[in-house]
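# A closer look at the structure
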Amino acid sequence: MAMSAHRNHVRSLYKRALNTSLDWYPNRLTWRPIALQIRAEFEANRGEASPVRVQQLLRETEDVLEEYRHPLPYKFPTAPGGSKYERNQWFEDNQTM
C-alpha cells in the first residue's frame with residue numbers, strides 16, 4: 001500500500017515529537033502521560049480537511065518541536081554517539097576462536 005507524502009510527513013512529525021519528549025523525560029513512567037497527550041493532539045486534528053489549515057498545523061508543529069528540542073538529547077549507551085559505543089571494539093576484532 002503506497003502512502004502519500006503528507007501521511008509520511010505527519011508520521012515523521014509524530015515520531016519526532018515522541019523522541020523529543022523522551023529526551024526530556026527518559027523515565028518511561030513519567031514519559032507515558034506526555035506521549036498520550038501528544039497522541040491526543042495529533043488525533044484531534046486528524047480529520048482536518050482544509051489544506052491551508054493543515055499546512056498551518058504542520059508549521060506550528062515544526063516550530064514547537066524546534067522550540068522544545070533538548071540541548072543534550074538522550075542517546076542509548078550502545079548507540080552511535082553513546083558512552084559505550086564501540087567500547088570493546090578492539091577486543092571483539094582480536095578474539096581468536
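One can find the structure itself at the top, above this paragraph.
Residues numbered from 1 in each chain as written. Predicted model: local features only at pLDDT ≥ 70, side-chain atom pairs only at ≥ 80, totals over all residues. Heavy atoms only, no water.

Below, the discussion takes up the pattern of salt bridges. Here the structure, examined in full by the defined rule, presents four salt bridges. The partner of glutamate 43 in a salt bridge is arginine 39, and the shortest N-O contact between them spans 3.1 Å. Pair noted here: glutamate 43 and arginine 39 are both in helix H2 (residues 28–44), with a separation of four residues, about one helical turn. Looking at glutamate 43, the relative accessible area reads 33%, which means it is partly exposed. Residue glutamate 66 pairs with arginine 69 through a salt bridge whose shortest N-O separation is 3.3 Å. Taking relative accessible area as the criterion, arginine 69 reaches 55% and is therefore assigned exposed. Taken together, the shared-partner salt bridges connect Arg39, Glu43 and Arg46 into one network. (Salt bridge = Lys/Arg side-chain N within 4 Å of Asp/Glu carboxyl O. Helix = DSSP H or I, 4+ residues; strand = E, 2+ residues; numbered from the N terminus. Buried < 20%, exposed > 50% of the residue type's maximum accessible area, 1.4 Å probe, protein only.)

In a regular helix each residue adds 1.5 Å, so 17 residues correspond to 24 Å; H2 covers 24 Å between its end C-alpha atoms and thus fits that length. Along H2, the residues classified as buried are Trp31, Ala35 and Ile38. Take H2 and look down its axis: the buried residues cluster within an arc of 60°, on one side only. Residues of H2 that are exposed and point more than 90 degrees away from the buried face comprise Leu29 and Ala44. Residues of H2 that are buried in the fold lie against helix H1 (5–24). Between a side-chain oxygen at the N-terminus of H2 and the backbone nitrogen of leucine 29 the separation is 3.1 Å; the capping residue is asparagine 27. (Expected span 1.5 Å × (residues − 1). Arc of directions from axis to C-beta. Contact = heavy atoms within 4.5 Å. Polar contact = N/O pair within 3.5 Å; in protein donor to acceptor, adjacent residues only side chain to side chain.)

Let us look at a nonpolar patch on the surface. On the surface, Trp24, Tyr25, Val64 and Tyr68 cluster together into a nonpolar patch covering about 420 Å² of accessible area. Mapped onto the secondary structure, tryptophan 24 falls in helix H1. With relative accessibility at 44%, the residue tryptophan 24 sits in the partly exposed group. (Patch = residues over 30% accessible without salt bridge, like charges linked within 9 Å, V, L, I, M, F, W, Y side chains within 5 Å. Areas by Shrake-Rupley, 256 points an atom, 1.4 Å probe, with all protein chains shown as cover.)

A word on the packing of aromatic side chains. Under the definition given, this model contains one aromatic pair. Between tyrosine 14 and phenylalanine 42, the aromatic rings sit 5.2 Å apart at their centres with planes inclined by 75°, giving edge-to-face as the arrangement. With tyrosine 14 in helix H1 and phenylalanine 42 in helix H2, the pair connects residues that are 28 residues apart, well separated along the chain. What makes tyrosine 14 partly exposed here is its relative accessible area of 22%. (Phe/Tyr/Trp six-rings, centres within 6.5 Å; stacked < 30°, edge-to-face > 60°.)

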